[in-house]
Amino acid sequence: MTQPITSTLDPEQQRIAGEALRGTVVDLIDLSLIAKQAHWNVIGRNFRSVHLALDELVTAAREFTDSAAERATAVGVSPDGRAATVAEKSGAIGFPDGWQQDTEVIDAVVGNLAAVISRLRERIDATEKADPVTQDLFIEIAARLEQLHWMWQAQLATA
């Protein structure tokens with residue numbers, strides 16, 4: 001198939017930005033699925049607050065997924081959010097099957113957010129020269145995910 005969408009980036013810039021964007025789409029899709037799985041299976045004393053906070057995380061991950069996918073298309077790269085691609089390439093750590101105690105859910109969300117943020121920070125560095133516009137998007141996503149990471153940690157923190 002021909003390239004129906006062309007890019008203003010040179011081929012190397014497009015390759016770097018495209019790989020980073022495709023990886024981010026995969027990680028964010030998986031993060032949203034992990035949060036939804038946790039949302040359906042959380043139990044415990046703090047069920048309601050954790051359940052609602054998971055919805056907030058799902059919404060953020062889905063919105064950022066769309067932003068990253070649309071940026072990929074804008075630079076002439078086809079995003080790949082197919083289930084098989086997400087299962088094979090996600091950098092998230094996953095979530096167990098079955099009911100999960102609220103404290104275990106919080107730990108899992110913190111770990112998954114940290115994994116996704118770590119890969120985003122690598123992509124921020126990778127896109128600095130290749131495509132500052134994509135880098136800017138990654139910075140925005142990382143800032144929000146880091147805020148959520150802090151909020152999830154604070155639920156179990158002790159002074």
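Residues numbered from 1 in each chain as written. Predicted model: local features only at pLDDT ≥ 70, side-chain atom pairs only at ≥ 80, totals over all residues. Heavy atoms only, no water.

Teacher, can you tell me more about the overall build of the protein here?
If you tally the helices and strands in the protein, you get five helices and two strands. Counted from the first residue to the last, the protein has its helices and strands arranged as α-β-α-α-β-α-α. Against the compact-globule benchmark of 15 Å for 159 residues, the protein has a radius of gyration of 17 Å, which places it among compact chains. When the 159 residues of the protein are sorted by exposure, 47% land in the buried category. (Helix = DSSP H or I, 4+ residues; strand = E, 2+ residues; numbered from the N terminus. Rg over C-alpha atoms; globule rule 2.2 N^0.38 Å. Buried < 20%, exposed > 50% of the residue type's maximum accessible area, 1.4 Å probe, protein only.)

Honestly, the environment of Ala35 in this entry has me stumped. Any pointers?
Checked against the element boundaries, Ala35 lands in helix H1 (residues 11–41). Considering only alpha carbons, one finds Ala35 and Val105, 70 residues apart in sequence, at a separation of 9.1 Å. Leaving out residues up to four positions away in the same chain, Ala35 has contacts with Leu54, Leu57 and Val58. (Contact = heavy atoms within 4.5 Å.)

It is not clear to me how the side chain of Thr24 should be interpreted in this structure. Could you clarify?
By the element assignment, Thr24 lies in helix H1. Under the relative-accessibility criterion, Thr24 is labelled buried at 1%. A distance of 2.8 Å separates a polar side-chain atom of Thr24 from the backbone oxygen of Ala20. With residues up to four places along the chain from it excluded, the contact list for Thr24 reads Ala68, Leu120, Arg123, Phe138 and Ile141. (Polar contact = N/O pair within 3.5 Å; in protein donor to acceptor, adjacent residues only side chain to side chain.)

Explain the packing of helix H2 (residues 47–74) against helix H5 (residues 132–154) here, please?
Any two packed helices are characterised by how steeply their axes cross, that is the angle between the axes, and by the distance between the axes. Contact geometry of H2 with H5 gives a least axis separation of 11 Å together with a crossing angle of 170 degrees. As far as their axial angle goes, H5 and H2 are roughly antiparallel. For the pair H2 and H5, contact is made by Val50, Ala53, Leu54, Glu56, Leu57, Ala60, Phe64, Ser67, Ala68 and Arg71 and by Val133, Thr134, Leu137, Glu140, Ile141, Arg144, Leu148 and Trp152, respectively. In terms of residue class, the contact of H2 with H5 is made up of 12 nonpolar, two polar and four charged. (Axes fitted to C-alpha atoms, helices over the stretch in contact; angles between N-to-C directions. Parallel < 35°, antiparallel > 145°, perpendicular 65-115°, else oblique. Nonpolar A, V, L, I, M, F, W, Y, C, P; charged D, E, K, R; others polar.)

In this structure, what is going on with the nonpolar core? I would like to understand it.
Note that soluble globular proteins tend to have their nonpolar side chains buried in a common cluster. Core analysis: the largest hydrophobic core is formed by 46 residues, its most contacted members being Leu113, Leu145 and Trp152. Put simply, the parts of the chain that give this core at least two residues each are H1, H2, helix H4 (102–127) and H5. (Core = buried A, V, L, I, M, F, W, Y, C linked by side-chain atoms within 4.5 Å.)

Any chance you could explain the environment of Glu122 here in plain terms?
Tracing the chain through its elements places Glu122 in helix H4. Glu122 sits 102 residues away from Ala20 along the chain, and the two C-alpha atoms are 8.9 Å apart.

I would appreciate a short explanation of the pattern of salt bridges in the present structure.
Should the charged atoms of two oppositely charged side chains come close, the side chains can pair. Scanning all chains against the criterion turns up 10 salt bridges. The partner of Glu19 in a salt bridge is Arg15, with the nearest N and O atoms 3.2 Å apart. Of this pair, Glu19 and Arg15 are both found in helix H1, four residues apart, which corresponds to roughly one turn of the helix. Across the salt bridge formed by Arg119 and Asp27, the nearest N and O atoms sit 2.7 Å from each other. Placement of Arg119 in helix H4 and of Asp27 in helix H1 is noted, with a sequence separation of 92 residues between them. The network of salt bridges with common partners includes Glu12, Arg15 and Glu19. (Salt bridge = Lys/Arg side-chain N within 4 Å of Asp/Glu carboxyl O.)

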